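The primary structure of each chain is shown beneath.
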Amino acid sequence: MAGSRIAQNAQLKHSTQSTQSSPTRATRSRRGRQGRLRRWGRRLGIALLALLVVIGAVSVWRFVAGPPGVGHFADAEARARYVTAYDAAMTALPTPTATHDVRTDLGVVRVYEWVPTGAADVAEPDDIPVLLLPGRSSGVPMWAENLPTFAEGRRVLALDALGDAGISVQSAPIAELDTQARWIDQVVNELAPDGVHVVGHSFGGATAASYAVRHPEDVRSLALLEPVFTLAYPPPGMMAWTVLASLPDLPQPLREEALGRVGGEDYDNTDPMARMIETGADWFTAALPTPVPLTEDEAARLTMPVYVAIAGRDSLAGGEDVAERAGRLLPDATVQTWPGATHSLPMQEREVLGPALADFWRSHS
């Protein structure tokens, strides 16, 4: 009996230890499901990350070096939404004297014109007009804070670029910088056959420089305000924010952060101009050639008077190093660094910049 009880106790002990050390079938099943879920979660995470990388790569490719096509809105409703935002932003500008839709080989270009009125109140108008080329996605409304001083005693023409968000309508691909310069030249020949003082901001600065290189005979003077891709490539960090701001369907907080970083100021989503830019970023696919920094040979063709304004903080043009390169490339140019300004230099320094450019144009007319 004792031996039997000892054997039974040993068997019970072994059974208990086996139960404690080995998981039940339900436990094993539960752990198996959890393991599979973790593996699927990792796979899903990797897949989502890969998708984001692909989307980002495609967006960067399209923004920086993608194949050219025809800029377009997603659909008619998207264009109507943009036009509403555009019209609201335009109310901040002085009422144009005239509106032109100029037909070119590559599409119809919307141009607004301001002509000085009240001869008793202003000096005799200069007969050489100013042509304003806007930054990416900014269109004519970007000049709202500058036009009052630009148009004092002077005819001003401002346009929406073909291939970019705006009222202009592109009809043929713009594959090369030569092609981009061609439609600008056709607008100038139509509205200002005696030449223009060209002003460009940001990507508009790159467009202005490219046009001046190819058609120097029509450019009386050239003003480049924080020109990107003109004297150097943008700093990588600022370029990353620019690409991010251009992505469609970006979460609102991230979009506002990116636009604020690019503009150098806190983003105000109640501002009509900001809403217009955001609507264009969401619903318009741009189709523009990517500018490249000027070569020494190209810079040598800029024989007209040149003014270059570079921001001292968060410059997309490149900052003080680029200002030094501008001085070397363009030894006869006026190069000025604005220490307190960011990429939004034309608006931030409007009270000083307006009279300075007026003197510049007057002395070279």
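Everything numeric in this text was worked out from a predicted model, so none of it was measured.

> With reference to specific residues and values, describe the overall build of the chain.
Secondary structure summary: the chain contains 13 helices and eleven strands in total. Counting across all 365 residues of the chain, residues that qualify as buried make up 48%. Considering only contacts within the chain whose residues lie at least 6 apart along the sequence, 75% involve residues at least 24 apart. Total accessible area computed for the chain in this model is approximately 18,300 Å², and 54% of it derives from carbon and sulfur atoms.

> Describe in detail the nonpolar core, supporting the description with residues and values.
In this structure, W183, L222 and L302 are the most contacted members of the largest nonpolar core, which totals 45 residues. When residues of this core are assigned to their parent elements, the largest contribution, six residues, is made by helix α5 (residues 177–191). Every residue in contact with W183, bar those within four places of it in the chain, is listed here: T104, L106, V109, L159, D160, A161, L162 and I174. V130, A165, F284 and A309 belong to the second largest nonpolar core, which has 41 residues in total.

> Outline the packing of α5 against helix α6 (residues 203–214), listing residues and values.
At a minimum axis distance of 9 Å, the contact between α5 and α6 shows a crossing angle of 80°. One finds that α5 runs roughly perpendicular with respect to α6. Contact residues: α5 offers L177, D178, Q180, A181, I184, D185 and V188, while α6 offers T207, S210, Y211 and R214. Class assignment of the residues belonging to the contact of α5 with α6 gives a composition of five nonpolar, three polar and three charged.

> Account for the packing of helix α3 (residues 76–90) against helix α9 (residues 272–283), with residues named and values stated.
Contact geometry for α3 and α9: axes closest at 8 Å, N-to-C directions at 160°. By the angle class used here, α3 and α9 are roughly antiparallel. For the element pair α3 and α9, the recorded crossing hand is left-handed. Contacts between α3 and α9 involve A78, R81, Y82, A85, Y86, A88 and A89 from the first element and P272, M273, R275, M276, T279, G280 and W283 from the second. Partitioning the contact of α3 with α9 into residue classes produces ten nonpolar, two polar and two charged.

> For unusual backbone geometry, give the residues involved together with the corresponding values.
One non-glycine residue with positive phi stands out, namely E226, at about 50°. Here E226 is to be found in the loop between β8 (219–225) and α7 (236–246). Under the relative-accessibility criterion, E226 is labelled buried at 0%.

Conventions used here
As a convention, each chain's residues are numbered from 1 in the sequence order in which they are written. A pLDDT threshold of at least 70 governs which residues receive local features in this predicted model, and a stricter bar of 80 or more applies before side-chain atom pairs are shown or counted, although totals over entire chains, interfaces and linings include all residues. With hydrogens and water stripped out, all remaining heavy atoms of the structure feed into the side-chain values. Put simply, DSSP marks the helices as runs of H or I at least four residues long and the strands as runs of E at least two long, and each gets a number from the N terminus on. Accessibility here uses a 1.4 Å probe with only protein chains present; expressed as a share of the type maximum, an area under 20% marks a residue as buried, one over 50% as exposed, and anything in between as partly exposed. Residue contacts are counted whenever heavy atoms from the two residues lie within 4.5 Å of one another. Areas reported as accessible are Shrake-Rupley estimates using a 1.4 Å probe. Residue values count occlusion only from the protein chains shown. Buried residues of nine kinds, namely Ala, Val, Leu, Ile, Met, Phe, Trp, Tyr and Cys, make up a nonpolar core once their side-chain atoms join them within 4.5 Å. With axes taken as lines fitted to C-alpha atoms, and helix axes fitted only over the stretch in contact, angles between N-to-C directions fall between 0 and 180 degrees. Any angle between 65 and 115 degrees counts as roughly perpendicular, while under 35 counts as roughly parallel, over 145 as roughly antiparallel, and the rest as oblique. Gly falls in the polar group here, along with every residue not listed as nonpolar (Ala, Val, Leu, Ile, Met, Phe, Trp, Tyr, Cys, Pro) or charged (Asp, Glu, Lys, Arg). In this scheme, a crossing is called left-handed if the near helix is turned counterclockwise away from the far one by less than a right angle; it is called right-handed if the turn is clockwise.

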